[in-house]
Amino acid sequence: MMPRAETRRMKLILANPRGFCAGVYMAIDVVDQLLDICPDETICVYHEIVHNRHVVERFIRRGVKFVESIKEVPNGAIVVFSAHGVSPAIRALAKAKNLTAIDATCPLVTKVHAEAIRYARKGYQIFLVGHADHQEIVGTRGEAPEAIQIVQSPDDIPNLVVRDPSKLAYLTQTTLSLDDARKVIDALKVAFPQIKDPPSEDICYATTNRQTAVRAIAPNVDLVLVVGSSNSSNSLRLTEISENRGTPARLIDDKSELREEWFTNVESVLVTAGASAPEDLVKDLVLHLIEHYGAEIEQHDVYREEVEFGLPGTLKELMRKRGIDPAGRRIRMDLRADFEEWLTSRGIPMKVVDLTVGATN
Ligand code: SF4
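Summarised in this report is the structure supplied together with it. (Residues numbered from 1 in each chain as written. Predicted model: local features only at pLDDT ≥ 70, side-chain atom pairs only at ≥ 80, totals over all residues.)

Strand order in the open sheet formed by 3 strands is β7-β6-β8, with parallel pairing between adjacent strands. Each having just a single partner strand, β7 (148-151) and β8 (168-172) make up the two edges of the open sheet. The average angle at which neighbouring strand axes cross in this sheet is 30°, direction not considered. Examined bridge by bridge, strand β6 (residues 125-129) and β8 share 5 bridges and lie parallel to one another. Looking across to β8, one finds that L128 is bridged to L171. Packed on one face of the sheet, helix α4 (residues 107-121) meets β6, β7 and β8 and runs near 170° to β8. (Pairing = 2+ DSSP bridges. Helix = DSSP H or I, 4+ residues; strand = E, 2+ residues; numbered from the N terminus. Axes fitted to C-alpha atoms, helices over the stretch in contact; angles between N-to-C directions. Contact = placed C-beta atoms within 7 Å.)

Looking now at the environment of L14. Among the secondary structure elements, L14 is positioned in strand β1 (residues 11-16). In the structure, L14 is positioned 306 residues away from R320 in sequence and 41 Å away in space, judged by C-alpha atoms. Leave out the neighbours within four places in its chain, and L14 touches V271, I297 and Q299.

Moving on, we get to the pairing of β1. Summarising burial for β1: 5 of the 6 residues are buried, a large majority. By the bridge criterion, 4 bridges tie β1 to strand β11 (residues 268-273) in an arrangement that is parallel. Paired with L14 across the two strands is V271, which belongs to β11. As paired elements, β1 and strand β12 (residues 296-305) share 6 bridges and run parallel to each other. Within the sheet, the bridge partner assigned to I13 lies in β12 and is E298. (Buried ≥ 20, exposed ≤ 12 C-beta atoms within 10 Å, placed from the backbone.)

This part takes up the site of the ligand. Around the ligand sit 15 residues in total, of which C21, G23, C106, T174 and C204 are the nearest. Here the shell around the ligand gets 3 residues from one element, more than from any other, and that element is helix α1 (residues 22-37). Considered class by class, the residues forming the shell around the ligand number 10 nonpolar, 5 polar and no charged. (Near = placed C-beta within 6 Å. Nonpolar A, V, L, I, M, F, W, Y, C, P; charged D, E, K, R; others polar.)

Here we come to the sheet that holds strand β3 (residues 65-67). In a beta sheet, neighbouring strands pair by backbone hydrogen bonds and run either parallel or antiparallel. With parallel pairing, the 4 strands of this open sheet are ordered in space as β3-β2-β4-β5. In this open sheet, the two strands that pair with only one neighbour each are β3 and β5 (100-103). For this sheet the average axis-to-axis angle between neighbouring strands, irrespective of direction, equals 30°. As judged from the 4 bridges shared by strand β4 (residues 78-81) and β5, these two strands associate in the parallel manner. When the bridges of β5 are listed, I78 appears paired with T100.

Okay, here's the thing in C-alpha cells:
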C-alpha cells in the first residue's frame, strides 16, 4: 500500500466528460439484462464486452464466460457480441451452431461496417485507418476483406496496392487519436488526391469529447491520471494526448496502481477515464486523493453529453420470446448527476468550471 503522505492541498480537476460512453453503457447493460432474465443459462461473451479489466472480472464473478472463439460456446447457448463488433464470419459460425446471438456492437461501430459494405459494393478499395490487431478493425475488415487494406501509419502508404486511384475511400477506427488520424489521413490525401472521405466522421463523439477535454485541461496541470485498462484504445490515446502536450500522464486500472513518487512537486492533477472505465473506480481514486493530499475538487465541463442508445433489437426479440416487455427496461444514464449526488452525500464540496463548447447529441 502507498505510504500516507504529509497532508498538503492539491487541486484535483475532474474532466467532464469522462468514463462510460453510450456504447459501453449499452453493452454492459445488455449483459446485465441477460443475467437478470436468463439466470440459469450459460451466457458467453465473444471477446471482452468492453476493454476494461474490472468490468470483465465483475461479470466473470457473476458467471459470465468470456470466449475468444465460437468453438468455446456450448451448442444452443447465448453468445453476446462485444461493443467492438464482429465480422460476418463470426456471425455465420454462431448461426451454424444454433446459438442465440445478442449483438451488443456499438451503433457507431456498426455505422463504419455499413460504410465499408457500401463502398465495397460500389467497387471502391478501402483504406481502413486503425490498429490492425484491434477487435474493431478485425470485425470491420471482415465485412469486405478483399476490398480493405489496413493503414496504421503514414509509413504503410507506399505498400498499399491500388487498382484505380479514382475508386479509393478511407474509413477509420472509432477510437483513434484525432491528431494521429489526421496525420495518416493527410498523408493519404497527398498520395491519393481523389480518395473519398467517410460519409460522416468515423471517430466517435465519445472519443472526440474525452480527447478534447484532455487537450484543453492537461496543459494547466502537473499530472494527468487516466482510469482505464492498458488494452483500451481510447484510454491509451488520452495518456498520449496529455504527454504530447508536455504533461506526464499515467494510465491506471484503479487506485491501487498509484505510486507516491508520481506526486513529488505535484500541485494539480487532472483525473479522467476512458470510455470503458466504471465511474466507481474514479470515485475510489477521488476519495484516495482527498484523503492523502487534501485535494480540493473542481469539475471542468467541456462537453455535456446527452447520447443514449436503446437496447439492441436482438435482445428485445429474446425478451419478447420470453414474455418480457422490453419497454421500460432501459436505465437512463446520467453519470454527471450521479457523481454530484455522491459527493453531496459525503459532504465533499466541488466547484464546477464551465468550459462548455457544446452539447453532443
Ligand atoms: Fe461506441 Fe465510441 Fe463508445 Fe466505442 S468509444 S463504444 S464507438 S461510443
